[in-house]
Each structure stands twice: as structure tokens, then as C-alpha cells.
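# What the coordinates show
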Amino acid sequence: MIDFKSPSYCDAYSRVNALVIVGEALADRHFRSLARLIPDDEEHLLRLAAMEGRHTVDFSSCGRNLGVKPSMATGKSLFAPLERLFRALENSRDVVGCLVLQGLIVECFAVAAYRAYLPVADPYARAITVTVIDDETKHLNYAECWLQAMGEQIHSQIVHICEKALPLTLSILKAMKSDLSAIGIDCTDLLAFFCEDFTQALFSVGIPLTDAHRLLIKTAAVEH
Ligand code: PL3
Ligand code: FE2
Ligand code: FE2
């Protein structure tokens, strides 16, 4: 049984909660950027951005509900490298890169993390997390459909951006490992969910499974 009121739980939760709030606020901003980069889908992308804004508000209320104040500085510094990469891609109007970073990598990370959180969440946060997982799946689906429609010509570009962004994502997980464990999250489950969903996402855009596996193994190998 998890003691949601214990000082060690609350201390770890203040950093995990901040990471989630920062990640959701960035997702909001990134979908607004994507709405500018893909004018044909502007309205739809602005709706996805609004969902991210809602997630920020809802996850903030999870911290408040436990009487925990999010430690925002930690969250910001952990997301900074991924955010810098997104801005660089945006500045060079690399639509594929932006969509792979936010729509495939960050959304898969979110789905995996929230799935791993679900069984250990307090009842208030659990109800919110169920709804959020459903939304994040829609964000992932949007990116999959758009990238799939672009065909084989963008495959090497997709792999290239993954090689850059996956290690930055894995670093966040490693830095948060002890806090995530302290609130009951099984990090092996989280990583396994990520690998499952990400392989599936790459496969759905037309990348062969062997290439998807090689990418993940390469990321793991670089980090150790
Ligand atoms: C996509 O819409 C937003 C991406 C945010 C990613 C945050 C990942 C956070 C990892 C730890 C999650 C544990 C859940 C805790 C909830 C308060
Ligand atoms: Fe979200
Ligand atoms: Fe999302």
C-alpha cells in the first residue's frame, strides 16, 4: 500500500509532477508551432494543443490535491535539451523532424509513463490519467497518419531525428529513475511500454521492424 502523504512520496512527487507539467506545457507550445507549419491541419492541431493545455491544468491539480508544490526548476532543466532540439527543427522549418520529436517520441514517452503510473496513482490522479492516456493516443495517431502519408522518401529523415532525440528522452528517464521508483512506478515497465509503442509507431509509418529495433538498441548502447 502506497502512503501518498509520506514525506518521501511527496518529495519525489514534487519533481515528477513538475516534469509532467513542463512536458505538457511544451506539448501545448509544440502543437501550436505545428499548426503554423502545417496550415492544412491548423484547426485540428490547435485542438490538440488545447488538449495539452488541459493536461497541464489537470496534472497541476493532481499535485495540489496531494498538497504538493511542483518543483518547476527540475522539470524545466530536464526538458531543456529536447526543447532546444525542437526549436532548432522549427527554425529550419523541418516539419518531419518536429512531428517525429513531439508526435512520435514525446507522445510515446507520455503514453508509456502514464500507463506505468496508472496502477500506482492515487484515485484522484488515476481518473485524470485514464483520460489523458486516451488523448495522448490521439496525438500519436495524428503524427503516425501524417508521416505515413508522406511515404518512404522521409524514412531516413525519421531515423536521423530519432538518433538525435531518443538519447535525450532516455536521459530524462534516467535522471528521474529514483523519483519515479519512489512513487511506485516500475521503470522497467515504463521502458518496455515505450519500446512496444515506439516500435509499433515506427512500423505504422512504414519503417521496417528490424530498423526500429536497431534504433532502440543503438540508443541503449550509446547510453551505457
Ligand atoms: C505529451 O502530451 C506530454 C508529454 C509529457 C511527458 C512527461 C513524462 C513524465 C514521466 C513521468 C510520469 C509519471 C506520471 C506522474 C503523473 C503526475
Ligand atoms: Fe498531453
Ligand atoms: Fe500529447
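## So, the pattern of salt bridges
- Evaluated as defined, the whole model comprises 14 salt bridges.
- Its salt-bridge partner being Asp179, residue Arg15 comes within 2.6 Å of it at the nearest N-O pair. Here Arg15 is found in helix α1 (residues 7-37), whereas its partner Asp179 is found in helix α6 (residues 155-182), with 164 residues between them in sequence.
- Across the pair Glu196 and Arg115 runs a salt bridge, and its minimum N-O distance is 3.8 Å.

## A few points about the packing of α1 against helix α2 (residues 42-65)
- Viewed as axis vectors pointing N to C, α1 and α2 meet at an angle of 165 degrees, and their least axial separation amounts to 8 Å. With respect to α2, the axis of α1 lies roughly antiparallel. For the pair α1 and α2, the sense of crossing is left-handed.

## Concerning the site of ligand 1
- In the region of ligand 1, 19 residues are neighbours, and Tyr13, Glu24, Glu52, Tyr117 and Glu136 sit closest.
- Between ligand 1 and Glu107, the relevant distance is 3.4 Å, taken from an oxygen atom to a side-chain nitrogen or oxygen of the residue.
- A distance of 2.9 Å is found between an oxygen atom of ligand 1 and a side-chain nitrogen or oxygen belonging to Glu136.
- Protein chains shield 100% of the accessible area of ligand 1, which is 530 Å² for the free molecule.
- The cavity where ligand 1 resides is the largest cavity.

## Details of the packing of aromatic side chains
- Taken as a whole and assessed by the stated rule, the structure comprises four aromatic pairs.
- With a centroid separation of 5.3 Å and 85 degrees between ring planes, the pair formed by Phe4 and Tyr9 is classed as edge-to-face.
- Judged by relative accessible area, Tyr9 falls into the buried class, the value being 2%.
- Ring centres 5.6 Å apart and planes at 20 degrees place the aromatic pair Tyr9 and Tyr13 in the stacked group. With Tyr9 and Tyr13 both in helix α1, this residue pair falls four residues apart, about one helical turn. An identical accessibility class is assigned to Tyr9 and Tyr13; each is buried.
- Chaining the aromatic ring pairs together yields one cluster made of Phe4, Tyr9 and Tyr13.

## Topic: the coordination of the iron ion (ligand 3)
- Coordination of the iron ion (ligand 3) by the protein involves Glu52 (OE), Glu107 (OE), Glu107 (OE), Glu136 (OE) and His139 (ND1), with metal-donor separations of 2.0 to 2.3 Å.
- Viewed at the metal, the six donor atoms of the iron ion (ligand 3) are separated by angles of 57 to 157 degrees, and the geometry they form is irregular.
- When the donors of the iron ion (ligand 3) are listed by position in the chain, the intervening gaps give E-x54-E-x28-E-x2-H.
- A separation of 3.3 Å is found between the iron ion (ligand 3) and the iron ion (ligand 2), which share Glu52 as a coordinating residue.

## Details of the coordination of the iron ion (ligand 2)
- With distances of 2.0 to 2.8 Å, the protein atoms coordinating the iron ion (ligand 2) are Glu24 (OE), Glu24 (OE), Glu52 (OE), His55 (ND1) and Glu136 (OE).
- Classification of the site at the iron ion (ligand 2) as irregular follows from its six donor atoms and the range of 51 to 164 degrees in their angles at the metal.

## Looking at the layout of surface pockets
- Reported here for the largest pocket is a volume of approximately 360 Å³.
- Around the largest pocket, the lining is made up of 17 residues, and of these Leu170, Leu173, Lys174, Leu191 and Ala220 lie nearest the centre.
- Mapped onto the lining of the largest pocket, the elements with two or more residues apiece are α6, α7 (187-204) and α8 (209-223).
- Taken together, the residues of the lining of the largest pocket break down into 11 nonpolar, four polar and two charged.

## Quick word on the environment of Glu163
- Looking at the element boundaries, Glu163 is found in helix α6.
- Given a relative accessible area of 34%, Glu163 falls into the partly exposed group.
- Residues contacting Glu163, with those up to four places away along its chain left out, are Leu215 and Lys218.

## Topic: the nonpolar core
- Grouped together as the largest cluster of nonpolar side chains are 82 residues, with contacts concentrated most on Leu147, Ile158 and Phe198.
- For this core, the secondary structure elements donating two or more residues are α1, α2, α3 (72-91), α4 (95-117), α5 (123-150), α6, α7 and α8.
- Element by element, the count of residues in this core is highest for α4, at 17 residues.
- Those residues in contact with Ile158 that lie beyond four places of it in its chain are Val96, Val100, Leu147, Leu202, Val205 and Ile207.

What counts as what
- Residues numbered from 1 in each chain as written.
- Chains lettered and ligands numbered in written order.
- Predicted model: local features only at pLDDT ≥ 70, side-chain atom pairs only at ≥ 80, totals over all residues.
- Heavy atoms only, no water.
- Salt bridge = Lys/Arg side-chain N within 4 Å of Asp/Glu carboxyl O.
- Helix = DSSP H or I, 4+ residues; strand = E, 2+ residues; numbered from the N terminus.
- Axes fitted to C-alpha atoms, helices over the stretch in contact; angles between N-to-C directions.
- Parallel < 35°, antiparallel > 145°, perpendicular 65-115°, else oblique.
- Left-handed = near helix turned anticlockwise from the far one by under 90°.
- Near = heavy atom within 4 Å.
- Polar contact = N/O pair within 3.5 Å; in protein donor to acceptor, adjacent residues only side chain to side chain.
- Areas by Shrake-Rupley, 256 points an atom, 1.4 Å probe, with all protein chains shown as cover.
- 1 Å grid on protein atoms, 1.4 Å probe; cavity = no way out; pocket = protein on both sides within 12 Å on 5 of 7 lines; lining within 4 Å.
- Sits in = over half its atoms within 2 Å of the grid points.
- Phe/Tyr/Trp six-rings, centres within 6.5 Å; stacked < 30°, edge-to-face > 60°.
- Buried < 20%, exposed > 50% of the residue type's maximum accessible area, 1.4 Å probe, protein only.
- Donors = N, O, S within 2.8 Å, 3.2 Å for Na, K, Ca; no water.
- Tetrahedral: all angles 85-135°; square planar, octahedral: opposite > 155°, others 65-115°.
- Points joined across faces, edges and corners; volume = space filled by probe spheres on them.
- Nonpolar A, V, L, I, M, F, W, Y, C, P; charged D, E, K, R; others polar.
- Contact = heavy atoms within 4.5 Å.
- Core = buried A, V, L, I, M, F, W, Y, C linked by side-chain atoms within 4.5 Å.

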